[in-house]
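# Structure assessment
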Amino acid sequence: AITFTQYAKSEFDSTHYNTEYNDFIEVEINGCYGLCLDLSNDENAFSGAIWDNGDYILEITGNLNKSKLINLAKSAEICKK
């Protein structure tokens, strides 16, 4: 399962991650600063990332390890009509 959420910056308050036994790491996603939390272990993969692209706060979580999740996040594109 993968969840991708886009927040309007004016409406974004905060999001919460359980960081017990884990630390955020800084990541770069398409030139933007972000944070990633990898909760994967030997039996299960799960990670999440959140970043600010200048217009929106973007968040992606899923049952993927950190590298796969970051690659998926980097493939996200803003569609303009």
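We now turn to the structure provided with this report. (Residues numbered from 1 in each chain as written. Predicted model: local features only at pLDDT ≥ 70, side-chain atom pairs only at ≥ 80, totals over all residues. Heavy atoms only, no water.)

### Side note on the overall build of the chain
Basically, it comes down to this: Secondary structure elements follow DSSP: runs of H or I no shorter than four residues count as helices, runs of E no shorter than two count as strands, and numbering proceeds from the N terminus. Two things to know: the radius of gyration comes from C-alpha atoms, and the globule rule equals 2.2 Å times the number of residues to the power 0.38.
Along its length, the chain carries one helix and five strands. Going residue by residue from the N terminus, the α and β elements of the chain occur as β-β-β-β-β-α. For 81 residues, the compact-globule estimate of 2.2 N^0.38 gives 12 Å, and the chain sits close to it at 13 Å. The principal-axis extents of the C-alpha atoms in the chain amount to approximately 45 × 25 × 20 Å.

### Quick look at the pattern of salt bridges
Filter applied, for reference: Any Lys or Arg side-chain nitrogen located within 4 Å of an Asp or Glu carboxyl oxygen qualifies as a salt bridge.
This structure, assessed with the given rule, holds one salt bridge. Linking aspartate 52 and lysine 9 is a salt bridge whose minimum nitrogen-to-oxygen distance equals 3.0 Å. Here the residue aspartate 52 occupies a position in strand β4 (residues 47–52), and lysine 9 occupies one in the loop between β1 (2–8) and β2 (25–29), the gap between them amounting to 43 residues.

### Concerning the state of the cysteines
This is how the line gets drawn: Cysteine sulfurs are considered disulfide-paired once they come within 2.5 Å of each other. Note on exposure labels: buried denotes an accessible area under 20% of the residue type's maximum, exposed denotes more than 50%, and partly exposed covers the range between, all computed with a 1.4 Å probe on protein chains only.
Following the criterion strictly, the structure yields zero disulfides and no others. Distance from the sulfur of cysteine 32, which forms no disulfide, to the nearest cysteine sulfur (cysteine 36) is 15 Å. With a relative accessible area of 16%, cysteine 32 lands in the buried category. Judged by its relative accessible area of 1%, cysteine 36 is buried.

### With respect to helix α1 (residues 66–74)
This is how the line gets drawn: An arc is given here, and it is the one of the directions from the helix axis to the C-beta atoms. Note on contacts: a residue pair is in contact if any heavy atoms of the two residues lie within 4.5 Å.
Along α1, the residues classified as buried are Leu69, Ile70 and Ala73. Seen along its axis, α1 keeps its buried residues to an arc of 100°; they face one direction. Across α1 from its buried face, at more than 90 degrees, point the exposed residues Lys68 and Asn71. Each element contacted by the buried residues of α1 is listed here: β2, β3 (32–38), β4 and β5 (56–62).

### Some words on the nonpolar core
Put simply, the rule reads: Only buried Ala, Val, Leu, Ile, Met, Phe, Trp, Tyr and Cys residues count toward a nonpolar core, and they belong to the same one when joined by side-chain atoms within 4.5 Å.
By size, the foremost hydrophobic cluster in this structure holds eleven residues: Val27, Ile29, Cys32, Cys36, Ala49, Trp51, Leu58, Ile60, Leu69, Ile70 and Ala73. Secondary structure elements with two or more residues in this core: β2, β3, β4, β5 and α1. The leading source of residues in this core is α1, at three residues. Among all residues touching leucine 58, those that are not within four sequence positions of it are Phe4, Thr5, Gln6, Ala49, Ile50, Trp51 and Asn53.

### Regarding the sheet that holds β5
The strands making up a sheet associate through backbone hydrogen bonding, with each pair oriented either parallel or antiparallel. Under the convention used in this document: Between any two strands, pairing holds if DSSP finds at least two bridges. Angles run from 0 to 180 degrees between N-to-C directions of axes, and those axes are lines fitted to C-alpha atoms, restricted for helices to the stretch in contact.
What the five strands build is an open sheet, ordered β1-β5-β4-β3-β2; its pairing is antiparallel. Both edges of this open sheet fall to β1 and β2, since each of them pairs with a single strand only. Within the sheet, the average angular offset between the axes of one strand and its neighbour, ignoring direction, is 20°. Here β1 pairs with β5 via seven bridges, running antiparallel. Looking across to β5, one finds that isoleucine 2 is bridged to glycine 62.

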